[in-house]
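The primary structure of each chain is shown beneath.
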Amino acid sequence: MLLNLRASAICEDYAMLRTLLVSLLLLGASIAGAAEPQTLVVYNWAEYLPKKVLQQFTRETGIKVQYSTYDSNEAMYTKVKTVKGEGYDLLVPSTYYVDRMRREGLLQPLDKSRLSNFGNLNPRLLNQPYDPDNQYSIPYLWGTTGIAYNEAKVASGKLTGWADLWDPAYKNKLLLLNDMREVFSMGLKVTGYSINTTDENQIRAAYEKLAEIMPNVRVFDAESPKTKFLSQEVMAGMLWNGEAYQASRENPKIRYVYPREGAMQWMDSLVISAGAKNLDGAYRFIDFVLRPEIAKQICEEVGYSSPNLAAIKLLPEKVRNNPTVYPSDADLKNVEFQTDVGAALPVYDQYWQRLKAGR
Amino acid sequence: MRPREPFKWMAVGTIWFWLVAFALLPNLLVFVASFLQRGSDEFVAFAFTLGNYQRLLDPLYLGLLLDSFWLAAITTILCLLLGYPFAYLLTRMTPRWRPLLLLLVIIPFWTSSLVRTYAMVIVLKANGLLNQILLGLGLIDEPLELLYTEPAVILGMLYALLPFMILPLYATLEKLDHRLIEAARDLGAGQFTIFRRIIVPLTLPGIIAGSILTFLPGLGMFYVADLLGGAKALLVGNLIRDQFLSARDWPFGAAVSVMLTVLMGVLLAAYYLSSRRASRGVMP
């Protein structure tokens, strides 16, 4: 008898639980259903898109942008891959990650007839091996990694190449980007190898060279390296050209140079995630960003180079002729594009750990 | 009896669901992943290996582990040296002040420790608050290099973890029977002897609990070393994060975290045993 009572009580509980769960699910579905059409999830590099641009997009289209940022391709890739792209609409990977992600089916092929402003892009930056015919990616910005220094502390002309940073005069005064590939690229440039090498001997040689610069390093940072130059925590170091441009607007004594061994070049592209929910919004956003006035605004604010020829025409002379933002052909001598190093990645990682651990 | 049954089911069910879904399963996944191999296109390849644990024996990783232990240990010792007198004074305050002072110890918990670490950056940086005050007072001519140094890291850890030391110490010190101290004094014991032979043994559970509560989180707080130390050193926490985020070697990252979990388990077991012994020792 008692047992029976208990059983029926459990049954009732189940029924109650079920109603509760079902109603919760319905509630969740209705919220998701209502919110879906007007939000767009954009996952972009930190300090890479002015807020004003996002606000204007929302004003024009009524689409709310849910915006979050990352500071390395690897971090973005890991997150997107774990959820198979679900929950993200637009991403901005660098070239070699466009390649990787398109091969792994994490991206959607683009219908370029929906992008009325596609023709504004510089044809020289299109149809590259990492994405033939730009089936998956639309160039967003490109830039370089070079040397920045504070003219108040370092005489101009003293730093012309990566190797100059090894000078003991900079003891405990340098910033290196907290990015394994960037730091190793510098080491490989100085030892005379390609920044995309997969040969362990060359990677080891770069590591041994880099171990010698460690006493000069005050801080590793890739989140907001320019602030360390502005607060005069460091007097020189590696920096991205856009960060250097932004810093020089606050303090004109911060200068950017293209090292004689060659800078590192990269390009980031807008792509649509395979799991994108708001396709229409994603296309509208890409087309919006390709609009000359908008692309110009982005370039002016963040200081990286635009692939958008129509936008460059609109730029004020002093930005267009600023070598930090638009390098000359001579500046770009010896530059190399970073590519995927595939199976050599753990080798780099191991030497990166040795470098940081100091053994 | 009946009206309470559904509640009981819900409560127990929720707890079980929570523990299984958010504690048991994730840890099980990590444990299993630590015996698999690194995949090239997928995060893990389903092939059994002990190689990840073998790799941990590399002097590189042992050294890294020692560095992490060292930092956590220094922090714990400093927390104890600062926290003990602090907690003692707290118990000697009049009951009117005590709640207020305790509140002041707890208030920092209302802000995330990451945010508080960023606040430390603002205080310590070259053109930061501290340097500006010192320059303004004319005590220094050039800004001091405070940020991105070892003391900055230790200061940040100390700041984040001190309350974890103070609270358990306060709890045991408050219960301290002062008649025992008076008895010892009557029997001719000096200040130091009273402290060493009466107060310390009686508050040992608090000392151990506080040390565990500062040491274990101290092992994992790599962001303090990153933000205040300039990311120049590598700690166990960085290693695990990097394996998952940048090196894409999830199995090895899993093996490192399994090892860390086991080490923490050993420490907790040691705590359990020693606290049982300590409480037995006090019994008459």
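What counts as what
Residues numbered from 1 in each chain as written. Chains lettered and ligands numbered in written order. Predicted model: local features only at pLDDT ≥ 70, side-chain atom pairs only at ≥ 80, totals over all residues. Heavy atoms only, no water. pLDDT = per-residue confidence, 0-100. Helix = DSSP H or I, 4+ residues; strand = E, 2+ residues; numbered from the N terminus. Domains from an automatic or database assignment. Contact = heavy atoms within 4.5 Å. Buried area = accessible area lost by both parts, 1.4 Å probe. Salt bridge = Lys/Arg side-chain N within 4 Å of Asp/Glu carboxyl O. Polar contact = N/O pair within 3.5 Å; in protein donor to acceptor, adjacent residues only side chain to side chain. Nonpolar A, V, L, I, M, F, W, Y, C, P; charged D, E, K, R; others polar. Buried < 20%, exposed > 50% of the residue type's maximum accessible area, 1.4 Å probe, protein only. Arc of directions from axis to C-beta. 1 Å grid on protein atoms, 1.4 Å probe; cavity = no way out; pocket = protein on both sides within 12 Å on 5 of 7 lines; lining within 4 Å. Points joined across faces, edges and corners; volume = space filled by probe spheres on them.

Engineer: Please provide a residue-by-residue account of the confidence of the model for chain A, values included.
Structural biologist: Per-residue confidence for chain A gives a mean pLDDT of 89, with 89% of residues at or over 70. Of all the helices and strands in chain A, helix α1 (residues 2-35) of chain A carries the lowest mean pLDDT, 44, while helix α6 (residues 200-213) of chain A carries the highest, 98.

Engineer: How would you sum up the domain arrangement of chain A? Please name residues and give values.
Structural biologist: All names here are of chain A. As assigned here, chain A comprises domain 1 (39-142 + 267-320) and domain 2 (143-265 + 335-357). Computed over C-alpha atoms only, the centres of domain 1 and domain 2 are separated by 26 Å. Taken together, the contact pairs 15 residues of domain 1 with 18 residues of domain 2. In terms of surface lost to domain 2, no three residues of domain 1 exceed Glu47, Tyr96 and Tyr304, which account for 36% of the buried area on that side. Here Lys226 and Glu47 are joined by a salt bridge, their closest N and O atoms 2.5 Å apart. On the surface where domain 1 and domain 2 come into contact, there are six residue pairs in polar contact (both at pLDDT 80 or more). Going through the elements one at a time, α4 (95-103) and α10 (292-302) are the ones with two or more residues in the side of domain 1 that touches domain 2. Of the residues forming the side of domain 1 that touches domain 2, the biggest block, four residues, is contributed by α4. Grouping the constituent residues of the side of domain 1 that touches domain 2 by class yields six nonpolar, three polar and six charged.

Engineer: Residues and numbers for helix α2 (residues 51-61) of chain A, please.
Structural biologist: Residues and elements named next belong to chain A. Of the residues making up α2, those classed as buried are Val53, Leu54 and Phe57. All buried residues of α2 lie within an arc of 100° about the axis, which places them on one face of the element. Relative to its buried face, α2 has exposed residues pointing more than 90 degrees away, namely Lys51 and Arg59. Against the buried residues of α2 lie β1 (39-45), β2 (64-70), α9 (279-290) and α10. In the stretch just after α2, Gly62 is the one whose phi turns positive, near 75°.

Engineer: Could you give me a rundown of the environment of Arg241 of chain B, with the residues and numbers involved?
Structural biologist: All names here are of chain B. Its place among the elements puts Arg241 in helix α11 (residues 236-245). For Arg241 and Phe222, which are 19 residues apart along the polypeptide, the C-alpha to C-alpha distance reads 9.5 Å. Beyond its immediate stretch of four places on either side in the chain, Arg241 contacts Phe222, Asp226 and Ser246.

Engineer: Run through the pattern of salt bridges, naming residues and quoting values.
Structural biologist: Enumeration according to the criterion identifies 29 salt bridges over all chains in this entry. Where Arg354 of chain A meets Asp58 of chain B, a salt bridge forms, and the shortest distance between an N and an O atom there is 3.4 Å. Residue Arg354 of chain A is located in helix α13 (residues 345-357), and its partner Asp58 of chain B is located in the loop between α2 (51-55) and α3 (59-92); the two belong to separate chains. The exposure class assigned to Asp58 of chain B is partly exposed, which follows from its relative accessible area of 21%.

Engineer: Give a description of empty space enclosed by the protein that names residues and reports values.
Structural biologist: Residues and elements named next belong to chain A. Tallying each qualifying case throughout the model produces four cavities of 30 Å³ or more. One number sums up the size of the largest cavity: a volume of about 320 Å³. Around the largest cavity sit 22 residues that line it, and Trp45, Asp71, Trp240, Trp266 and Asp268 are the ones nearest its centre. At the level of elements, α3 (73-82) and β9 (264-272) are the ones that each hand at least two residues to the lining of the largest cavity. When grouped by side-chain class, the residues that make up the lining of the largest cavity number ten nonpolar, four polar and eight charged.

Engineer: Which residues make up the side chain of Lys189 of chain A, and what are the values?
Structural biologist: Within the secondary structure layout, Lys189 of chain A lies in helix α5 (residues 180-191). If we ignore the near neighbours within four places in the chain, the residues touching Lys189 of chain A are Trp162, Ile195, Glu261, Gly262, Ala263, Asn334 and Glu336 of chain A.

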